[in-house]
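# Working through the structure, step by step
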Amino acid sequence: MSLPTRRAFGDLEVGAVVAKAEPRITRDDLVRYAGASVDLNPIHYNDVTAAEVGLPGVLAHGMLTAALALQTVVDWIGDPTAVISYETRFTRPVVVDPVDGATLSISAKVARLDPGEHTARIDITVSYEGRTVLGKTQAQIRFSS
């Protein structure tokens, strides 16, 4: 297995889309994430509980959605230690169908470059069924060259 190629700061242009992904979240993923994160709220795996509290269905964990967005950038950059900050806001829930799951659409583009610091701000758009589910999602990346 080969490691991904690290990206060079000099190759970046503001406005360029640098990564895209369409990860699918399944109910099994939600149960595994609940166990790993110790977020055992039943709205993330139980249809009856979700309905009882007025939700349209079982919801993906917001932090799982945020992690998938950042993973798209990490896969592109090739070095998780290059991420120096990450922020997002949860704007809409992702309802995970028991059979079909939920497919996210993730796109990352260069929003700002700082040549003096060799850093780039990458803005990430995450949508589900055509609607944005995370807002102001940004990763700050430091390049070694």
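A few points on the structure. (Residues numbered from 1 in each chain as written. Predicted model: local features only at pLDDT ≥ 70, side-chain atom pairs only at ≥ 80, totals over all residues. Heavy atoms only, no water.)

### Concerning the overall build of the protein chain
Here is the rule: Only runs of H or I of at least four residues qualify as helices and only runs of E of at least two qualify as strands under DSSP, and these elements are numbered from the N terminus. Any residue under 20% of the maximum accessible area for its type is buried, any over 50% is exposed, and the rest in between are partly exposed; the area is computed with a 1.4 Å probe on protein chains only. For this analysis, residues touch if any pair of their heavy atoms sits within 4.5 Å. Charge counting treats Lys and Arg as positive and Asp and Glu as negative, with His and both chain ends excluded. Here the site of a charge means NZ on Lys, CZ on Arg, CG on Asp, or CD on Glu.
When helices and strands are counted, the protein chain shows 3 helices and 6 strands. Projecting the C-alpha coordinates of the protein chain onto the three principal axes gives extents of approximately 55 × 30 × 25 Å. Residues counted as buried form 39% of the 145 residues belonging to the protein chain. Pairs at least 24 residues apart make up 68% of the contacts formed inside the protein chain by residues separated by at least 6 positions. Across the protein chain, 14 positive and 17 negative side-chain charges occur, with their mean positions spaced 6 Å apart.

### Topic: unusual backbone geometry
For Val-38, which is not glycine, the phi torsion reads 60 degrees and is therefore positive. Residue placement: Val-38 occurs in the loop between α1 (27-37) and α2 (47-52). On the accessibility criterion, Val-38 (62% relative accessible area) is exposed. Backbone geometry places Lys-136, a non-glycine residue, at a positive phi of 45 degrees. In this structure Lys-136 comes out as partly exposed when scored by relative accessible area, which is 43%.

### Quick notes on helix α3 (residues 62-77)
As a reminder, the rule being used: One less than the residue count of a helix, multiplied by 1.5 Å, gives the span that helix is expected to have.
Under the 1.5 Å per step criterion, the end-to-end length of α3 is 23 Å for 16 residues, consistent within 8% with the ideal 22 Å. Within α3, burial applies to Leu-64, Thr-65, Ala-66, Ala-69, Leu-70, Thr-72, Val-73, Val-74, Trp-76 and Ile-77.

### Quick word on the packing of aromatic side chains
Operational definition: For Phe, Tyr and Trp, where Trp contributes only its six-membered ring, two rings pair if their centres lie within 6.5 Å, and the inter-plane angle classes them as stacked under 30 degrees, edge-to-face over 60, or tilted in between.
Per the counting criterion, the structure on display carries 1 aromatic pair. With a centroid separation of 5.8 Å and an interplanar angle of 65 degrees, the aromatic rings of Phe-9 and Phe-143 are classed as edge-to-face. Of this pair, Phe-9 sits in the segment before β1 (17-21) while Phe-143 is found in the segment after β6 (131-142), placing the two residues 134 residues apart along the sequence. Assigned by exposure class, Phe-9 and Phe-143 land together as buried.

### Looking at a nonpolar patch on the surface
Quick reminder of the rule: Note that patches include only residues with greater than 30% relative accessible area and no salt bridge, and the join distances are 9 Å for like charges and 5 Å for nonpolar side chains (Val, Leu, Ile, Met, Phe, Trp, Tyr). Here, Shrake-Rupley sampling with a 1.4 Å probe gives the accessible areas, and only protein chains in the shown set may cover a residue. We define a salt bridge as a contact between a side-chain nitrogen of Lys or Arg and a carboxyl oxygen of Asp or Glu at a distance within 4 Å.
Together, Val-31, Val-38, Leu-40 and Tyr-45 line one region of the surface with nonpolar side chains, adding up to about 400 Å² of accessible area. Given the relative accessible area of 38%, Tyr-45 is considered partly exposed.

### Remarks on the pairing of strand β4 (residues 102-114)
Our working rule: Paired strands, in this sense, are two strands between which DSSP finds at least two bridges.
Pairing between β1 and β4: 4 bridges, direction antiparallel. Considered in β4, the bridge of Lys-20 is made with Ser-107. Where strand β2 (residues 24-25) meets β4, 2 bridges bridge the pair, whose relative direction is antiparallel. Bridging across to β4, Ile-25 finds its partner in Ala-102. In the sheet, β4 pairs with strand β5 (residues 119-128) via 10 bridges, with the strands oriented antiparallel. Counted as the bridge partner of Ala-108 is Ile-124 from β5. From the end of β4 to the start of β5, which pair antiparallel, there are 4 residues, and His-118 there has a positive phi angle of about 55 degrees.

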